[in-house]
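Here are the chains, one letter per residue:
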Amino acid sequence: PLPFFPNAAEAYRASMVHNARIERNPKSRAKPQLPIEKAAAAFTGNDFGAPGDEDDPYLQLCFRDTLTFDTQRAVFERLTKLLFEASWSPHMVAGANL
């Protein structure tokens, strides 16, 4: 199965949009984010009750004992870029007035 993890993919996409906004506005004091780190954090969830992709019973069933972000990282990143790259392109960010 393709290693597409919805929470991690959305975190990756949001981080790329954040970085595109900074690139579009050089006066911004916001700091760039590392998309793969944001994705890894979303994969594992947090202590405040937000479950991560690793807790998803459907993903656990699909990947059985191989559901780890590190082993799927490269394929996940390529797949997420393929699906969402247009959403963080400078042209799309500018057109959406983000």
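See above for the structure.
What you see is a predicted model, and the numbers here were worked out from it, not measured in a lab.

Enquirer: What is the right way to read the environment of alanine 39 from this model?
Expert: As for its placement among the helices and strands, alanine 39 is situated in helix H2 (residues 35-44). Look at alanine 39 and you get buried, because its relative accessible area is 0%. It is 8.7 Å that separates the C-alpha atoms of alanine 39 and arginine 13, two residues lying 26 residues apart in sequence. The residues contacting alanine 39, other than those within four sequence positions of it, are Ala8, Ala11, Tyr12, Phe69 and Phe76.

Enquirer: Just checking my understanding: could you explain the nonpolar core for this structure?
Expert: Generally speaking, a soluble globular protein has its nonpolar side chains buried in company with each other. Counting residues in each nonpolar core, the largest one holds 13 residues, and the members touching the most others are Phe5, Ala8, Phe69 and Phe76. Among the secondary structure elements, those contributing two or more residues to this core are helix H1 (6-24), H2, helix H3 (57-63) and helix H4 (69-84). Here the element with the most residues in this core is H1; it accounts for 4 residues. Setting aside anything within four residues of it in sequence, one finds alanine 8 in contact with Ala39, Ala42, Phe43, Asp53, Phe69 and Phe76.

Enquirer: Hey, could you run me through the packing of H1 against H2 in this one?
Expert: Helix packing geometry: the angle between the two helix axes and the distance between the axes. For the pair H1 and H2, interaxial distance at closest approach is 7 Å and the crossing angle is 150°. By the criterion of interaxial angle, the relationship of H1 to H2 is roughly antiparallel. By crossing handedness, the relation of H1 to H2 is classed as right-handed. Note on element contacts: H2 touches H1 through Pro35, Ile36, Lys38, Ala39, Ala42 and Phe43, opposite Asn7, Ala8, Ala11, Tyr12, Ser15, Met16 and Asn19.

Enquirer: Is there a simple way to explain H2 in this structure?
Expert: Since there are 3.6 residues in each turn of an α-helix, residues three or four apart along the chain are aligned in direction. Here H2 has its buried residues at Pro35, Ile36, Ala39, Ala42 and Phe43. With its buried residues spanning 120° around the axis, H2 presents them on a single face. Where H2 is buried, its residues contact H1 and H4. Residue glycine 45 follows H2 closely and has a positive phi angle near 85°.

Enquirer: Any chance you could explain H4 here in plain terms?
Expert: Between its terminal C-alpha atoms H4 stretches only 19 Å, short of the 22 Å expected from 16 residues at 1.5 Å a residue. For H4, the principal kink sits at valine 75 and spans about 40°. Of the positions making up H4, those classed as buried are Phe69, Gln72, Phe76, Leu79 and Thr80. Close packing links the buried residues of H4 with H1, H2 and H3.

Enquirer: What exactly am I supposed to notice about the side chain of threonine 80 here?
Expert: Within the secondary structure layout, threonine 80 lies in helix H4. In this structure the side chain of threonine 80 is engaged in a polar contact, spanning 2.9 Å, whose partner is the backbone oxygen of phenylalanine 76.

Cut-off values and rules
Residues numbered from 1 in each chain as written. Predicted model: local features only at pLDDT ≥ 70, side-chain atom pairs only at ≥ 80, totals over all residues. Heavy atoms only, no water. Helix = DSSP H or I, 4+ residues; strand = E, 2+ residues; numbered from the N terminus. Buried < 20%, exposed > 50% of the residue type's maximum accessible area, 1.4 Å probe, protein only. Contact = heavy atoms within 4.5 Å. Core = buried A, V, L, I, M, F, W, Y, C linked by side-chain atoms within 4.5 Å. Axes fitted to C-alpha atoms, helices over the stretch in contact; angles between N-to-C directions. Parallel < 35°, antiparallel > 145°, perpendicular 65-115°, else oblique. Left-handed = near helix turned anticlockwise from the far one by under 90°. Arc of directions from axis to C-beta. Expected span 1.5 Å × (residues − 1). Bend = angle between axes of the 7 residues up to and from the residue. Polar contact = N/O pair within 3.5 Å; in protein donor to acceptor, adjacent residues only side chain to side chain.

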